[in-house]
Amino acid sequence: SKRQKQRKVLLMGKSGAGKSSMRSIVFSNYVAKDVRRLGATIDVEHSNIKFMGNLMLNLWDCGGQDGFMENYLHHQREHVFGSVAVLIFVFDIESREFQADVINYANIVSALEECSPGAKIFCLIHKMDLVQTKLRQPLFEERAEYIRAASESFRDSVDFFPTSIWDQTLYKAWTQIIYFLIPNASTIETLLQQLAEVIDARELILYERTTCLMVTHVTRGIEAQNPFTDRFERISSILKTHKQSIAKHTGIPAGSANFAEMQIKTGRFMFFITRLTENTNLAASIPPSEQGFNAARIN
Ligand code: GTP
Ligand code: MG
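I will try to describe carefully the structure that is included in this document. Counting from 1, residues in each chain are numbered in the order their sequence is written. Whichever chain is written first is A, and whichever ligand is written first is 1; the rest continue in order. At least 70 in pLDDT is required for a residue's local features to be given in this predicted model, at least 80 for side-chain atom pairs to be given and counted, and no such filter applies to totals for whole chains, interfaces and linings, which use all residues. To obtain the side-chain values, all non-hydrogen atoms of the structure were used and water was disregarded.

## Considerations on the sheet that holds strand β10 (residues 270–275)
Sheets are built from strands paired through backbone hydrogen bonds, the pairs being either parallel or antiparallel. Condition: Strand pairing is assigned whenever DSSP detects at least two bridges linking the two strands. Only DSSP runs of H or I with at least four residues qualify as helices, and only runs of E with at least two residues qualify as strands; both kinds are numbered from the N terminus onward. Fitting a line to C-alpha atoms yields each axis, with helices limited to the stretch in contact; the angle taken between N-to-C directions then spans 0 to 180 degrees. Any two residues whose heavy atoms approach within 4.5 Å are treated as being in contact.
Strand order in this open sheet of five strands is β8-β7-β11-β10-β9, and the pairing throughout is antiparallel. Whereas interior strands pair on both sides, the edge strands pair on one side only; in this sheet they are β8 (214–219) and β9 (261–265). Geometrically, the sheet is characterised by an average inter-axis angle of 10 degrees between neighbouring strands, direction not taken into account. By the bridge criterion, five bridges tie β9 to β10 in an arrangement that is antiparallel. Pairing of M262 across the sheet is with I273, part of β10. Packed on one face of the sheet, helix α7 (residues 185–198) meets β7 (203–208), β8 and β11 (280–286) and runs near 40 degrees to β8. On the sheet, helix α9 (residues 290–298) packs against β9, β10 and β11 and is oriented at approximately 15 degrees with respect to β10.

## Considerations on the coordination of the magnesium ion (ligand 2)
To keep it simple, the criterion reads: Note that water is not among the atoms considered, so a metal site may appear incomplete; the donors listed are N, O and S atoms within 2.8 Å of the metal, with 3.2 Å applied to Na, K and Ca. For each residue, the accessible area found with a 1.4 Å probe, counting protein chains only, is set against the maximum for its type, and the residue is called buried under 20%, exposed over 50%, and partly exposed in between.
Within the first shell, the magnesium ion (ligand 2) binds the protein through S20 (OG) and T41 (OG1), at distances of 2.0 to 2.1 Å. With a gap of 21 residues between them, S20 in helix α1 (residues 19–27) and T41 in the loop between α1 and β2 (44–51) connect regions that are remote in the sequence. Assigned by exposure class, S20 and T41 land together as buried.

## Let's talk about the environment of I108
On the secondary structure map, I108 appears in helix α4 (residues 98–115). A relative accessible area of 0% places I108 in the buried class. Once the C-alpha coordinates of I108 and M262 are considered, the two residues, 154 residues apart in sequence, prove to be 45 Å apart. Discounting residues that sit within four places of it in the chain, I108 has contacts with M12, M69, L73, F81, L87 and F89.

## Structural notes on the environment of M270
Position of M270 among the secondary structure elements: in strand β10. Separated by 18 residues in sequence, M270 and P288 place their C-alpha atoms 5.3 Å apart. Not counting the four nearest positions on each side in its chain, M270 is found in contact with I264, K265, A284, S285, I286, P287, P288, S289, E290 and F293.

## Focus: the site of ligand 1
The test is simple: Near residues are defined by distance, with any heavy atom within 4 Å of the molecule or strand qualifying the residue. Identification of polar contacts relies on pairs of N or O atoms within 3.5 Å, with a donor-acceptor requirement for protein atoms, meaning one able to donate a hydrogen and the other able to accept it, and with residues adjacent in sequence counted only if both atoms are side-chain atoms. To be clear on the numbers: accessible area is Shrake-Rupley with a 1.4 Å probe, and residue cover counts the displayed protein chains and nothing else. Side-chain classes follow a simple rule in which Ala, Val, Leu, Ile, Met, Phe, Trp, Tyr, Cys and Pro form the nonpolar group, Asp, Glu, Lys and Arg form the charged group, and the remainder, Gly included, forms the polar group.
Close to ligand 1 lie 21 residues, the nearest being S15, K19, S21, G64 and D129. One nitrogen or oxygen atom from the side chain of S21 is found 2.6 Å from an oxygen atom belonging to ligand 1. K127 has a polar side-chain atom sitting 3.2 Å from an oxygen atom of ligand 1. Against a free-state accessible area of 670 Å², the protein chains account for coverage of 86% of ligand 1. At three residues, the largest contribution of residues to the shell around ligand 1 is made by α1. Taken together, the residues of the shell around ligand 1 break down into six nonpolar, ten polar and five charged.

## Some remarks on α7
The condition is simple: By this rule, a helix spans an expected 1.5 Å times one less than how many residues it contains.
Taking 1.5 Å of rise per residue, 14 residues should cover 20 Å, and α7 covers 20 Å from first to last C-alpha, within 8% of that figure. Taken together, the buried residues of α7 touch α6 (169–181), β7, β8 and β11.

## Here we look at the state of the cysteines
Keep this limit in mind: By convention in this document, the label disulfide applies to cysteine sulfur atom pairs within 2.5 Å.
On inspection of all chains with the given rule, the structure shows zero disulfides. C62 provides the cysteine sulfur closest to C115, a residue in no disulfide bond, and the two sulfurs are 13 Å apart. Unpaired in this structure, C123 has its nearest cysteine sulfur neighbour in C62, at a distance of 15 Å. For C123, a relative accessible area of 0% gives the class buried.

## Overview of helix α8 (residues 231–250)
End to end, α8 covers 28 Å across 20 residues, agreeing with the expected 28 Å (1.5 Å per residue, within 8%). What α8 keeps buried is the set R231, F232, E233, I235, S236, L239, K240, K243, Q244, I246 and A247. Residues of α8 that are buried sit in contact with α1, α6, β7, β8 and β10. The positive-phi residue at the C-terminal boundary of α8 is G251, with phi of around 85 degrees.

## Some remarks on the pattern of salt bridges
Our working definition: Salt bridge, as applied in this entry: a Lys or Arg side-chain nitrogen positioned within 4 Å of an Asp or Glu carboxyl oxygen.
A full pass over the atoms with the stated rule returns 13 salt bridges. Put simply, K120 and D159 hold a salt bridge, and the shortest N to O gap is 2.9 Å. Within this pair, whereas K120 is found in strand β5 (residues 120–126), its partner D159 is found in strand β6 (residues 159–163), the two being separated by 39 residues in sequence. Residue D159 is classed as partly exposed on the basis of its relative accessible area, which comes to 31%. With its nearest N and O atoms 3.4 Å apart, the salt bridge here joins D200 to R220. Of this pair, D200 sits in the loop between α7 and β7 while R220 is found in the loop between β8 and α8, placing the two residues 20 residues apart along the sequence. With relative accessibility at 22%, the residue R220 sits in the partly exposed group. Taken together, the shared-partner salt bridges in this structure form one network comprising K14, E97 and D101.

The structure is reproduced here in structure tokens:
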């Protein structure tokens, strides 16, 4: 029997920071250029997202206009900040009132500390595409340190990610968030490790089918030296784009559009992505051998 785990996730940050944009891209199959059509969120938009069969994300996309923030903090404090598993706080890198944003964040942190002291905080420093490439890392680190200092009892546990809806950094951040929430990640990893040994894979990467986010991966042998450390989220981004293009050309809603299989064979490696279970796709990288390839696919 499947026991569903409900996890409440708050998505907060000031109005225009980009919260609904990322939610729509990660969970509702929007493409980046579509999000300009989104209006400001009024109060809280709730969505229940089924993830990997037994995880139910209870996502609260909280409109960031001042009046709403006041309301969450003063009139609905226990309702909003109670039973929270994860707070995702989005900072707009272009904001001209960074100090004020951090004060608002600190108020939210206090409410969380009071109502859900065991929660985990992820801070996303967002719209990094608007910063010159050279300045991104130093600016990100500077902001993250400043925000960490305002994180009270979450100071040592808060995680920071630079993000943009225009590249794969969005997937990198959300992959970490989802990984934190998956209840049986270590069981999945053990099984994936066994499968990797059976088919002698250099790497297996498990993707959730709806979001195309990586669930986990197993990397063996020489593959550990693969210099493309962003390959996991790059594939997420490719799968997502592909899904949207299938939807566009066939009329199948992007939510249900899925490819059958993709294969790449070269003299140095062989690679395929295929459906593994109802909720997952598996990407496999194996040594170059036709028999090995066929056996791996069957397994
Ligand atoms: P409220 O609902 O009012 O709290 O705002 P929100 O945080 O939900 O903002 P929303 O997602 O509606 O985005 C506001 C604007 O930011 C949109 O016009 C997006 O196009 C833009 N935006 C979102 N993400 C990015 C990004 O990564 N880079 C850039 N350049 N613009 C972004
Ligand atoms: Mg919004």
